[in-house]
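Breakdown of the fold
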Amino acid sequence: VVTTASNKAAALRNRFFLQVDVNLTDITDQEFTGTLATEQYINQKATKWEVYLALRRAKPDKCPGIDEIPNQFLQAMGEPLVQALTALLNQCWAAEYFPKRFQAACTIVLCKPDKPDYLDPGAWCLIALLNTLGKVIESVMAQQLSNFAEQYRLLSNS
């Protein structure tokens, strides 16, 4: 049992941020220089429709991140926001840069319900509250990556 704030933080850090050694020697083409890399490209152009769908898929009552912008507000903005986010996303792709502001997160620790012993770090969980606008942009990017991976069968069937 730990009693000081620094010892509690260390116990939670040790529980949630494990150091794991990974063997990557079986990955021979880590730079992805094979023929697929030179012949196929991910569509790095977002459409307004893709951004609109990403905004609609976002759950309206999710807790906002560090930007404190609720999804419900973004959804209510409609077409002007869709146009602005589409332009921003396309500029991010063209510049090959994702703004640091969109990478910011606030992590909170919540106790899991009905645990017998809250002195055990395993009775707690971490929740990362991500930047709301960044999540919309990441959603479009993830969808395009997913489509690319499926189209060229880059993932196993399982």
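Residues numbered from 1 in each chain as written. Predicted model: local features only at pLDDT ≥ 70, side-chain atom pairs only at ≥ 80, totals over all residues. Heavy atoms only, no water.

If you tally the helices and strands in the protein, you get 7 helices and 2 strands. Starting at the N terminus and ending at the C terminus, the protein contains elements arranged as α-α-α-α-α-α-β-β-α. The buried share of the protein, taken over its 158 residues, is 23%. Excluding contacts between residues fewer than 6 apart, the proportion of contacts in the protein whose partners are at least 24 apart in sequence is 69%. As presented, the protein carries roughly 11700 Å² of accessible surface, and 56% of it is formed by carbon and sulfur atoms. (Helix = DSSP H or I, 4+ residues; strand = E, 2+ residues; numbered from the N terminus. Buried < 20%, exposed > 50% of the residue type's maximum accessible area, 1.4 Å probe, protein only. Contact = heavy atoms within 4.5 Å. Areas by Shrake-Rupley, 256 points an atom, 1.4 Å probe, with all protein chains shown as cover.)

Counting 17 residues, the largest nonpolar core has Val51, Leu55, Leu85, Leu89, Ile137 and Val140 as its most contacted members. Where this core is concerned, the elements lending two or more residues are α3 (48–57), α5 (79–95) and α7 (132–151). Setting aside anything within four residues of it in sequence, one finds leucine 85 in contact with Val51, Leu55, Leu133, Val136 and Ile137. (Core = buried A, V, L, I, M, F, W, Y, C linked by side-chain atoms within 4.5 Å.)

The residue valine 140 is located in helix α7 in this model. Taking relative accessible area as the criterion, valine 140 reaches 3% and is therefore assigned buried. Through-space distance from the C-alpha of valine 140 to that of glutamate 50 is 6.3 Å; in sequence the pair is 90 residues apart. The contacts of valine 140, once residues within four sequence positions are left out, are Ala46, Glu50, Val51, Ala54, Leu89 and Trp93.

Applying the stated criterion across every chain yields a total of 3 aromatic pairs. Plain terms: the ring middles of tryptophan 49 and tyrosine 52 are 5.3 Å apart, the flat faces sit at 25 degrees to each other, and that makes the pair stacked. Taken together, the residues tryptophan 49 and tyrosine 52, both in helix α3 and 3 residues apart, mark about one turn of the helix. On the accessibility criterion, tryptophan 49 (55% relative accessible area) is exposed. The interplanar angle of 70 degrees and the centroid separation of 5.9 Å between the aromatic rings of tyrosine 118 and tryptophan 124 together place this pair among those described as edge-to-face. In this structure tyrosine 118 comes out as partly exposed when scored by relative accessible area, which is 33%. (Phe/Tyr/Trp six-rings, centres within 6.5 Å; stacked < 30°, edge-to-face > 60°.)

Here we come to α5. Compared with an ideal rise of 1.5 Å per residue, which puts 17 residues at 24 Å, α5 spans 24 Å between its outermost C-alpha atoms and is within 8% of the ideal. The set of residues buried in α5 consists of Leu81, Val82, Leu85, Thr86, Leu89, Asn90, Cys92 and Trp93. In a view along the axis of α5, the buried residues occupy a sector of 160 degrees, so they form one face of it. Exposed side of α5, more than 90 degrees from the buried face: Pro80, Gln91, Ala94 and Ala95 are the residues found there. Directly beyond the C-terminal end of α5, a positive phi value near 55 degrees is found at glutamate 96. (Expected span 1.5 Å × (residues − 1). Arc of directions from axis to C-beta.)

All right, on to a nonpolar patch on the surface then. A cluster of nonpolar residues, Leu18, Val20, Val22, Leu24 and Ile27, forms a patch on the protein surface that exposes about 510 Å² of accessible area. As for its position among the elements, isoleucine 27 is in the loop between α1 (5–16) and α2 (35–39). When its relative accessible area of 42% is taken as the criterion, isoleucine 27 is described as partly exposed. (Patch = residues over 30% accessible without salt bridge, like charges linked within 9 Å, V, L, I, M, F, W, Y side chains within 5 Å. Salt bridge = Lys/Arg side-chain N within 4 Å of Asp/Glu carboxyl O.)

Looking at the protein, pLDDT values average 86 and 90% of them are 70 or higher. The weakest mean pLDDT in the protein belongs to α2 at 53; the strongest belongs to α3 at 96. (pLDDT = per-residue confidence, 0-100.)

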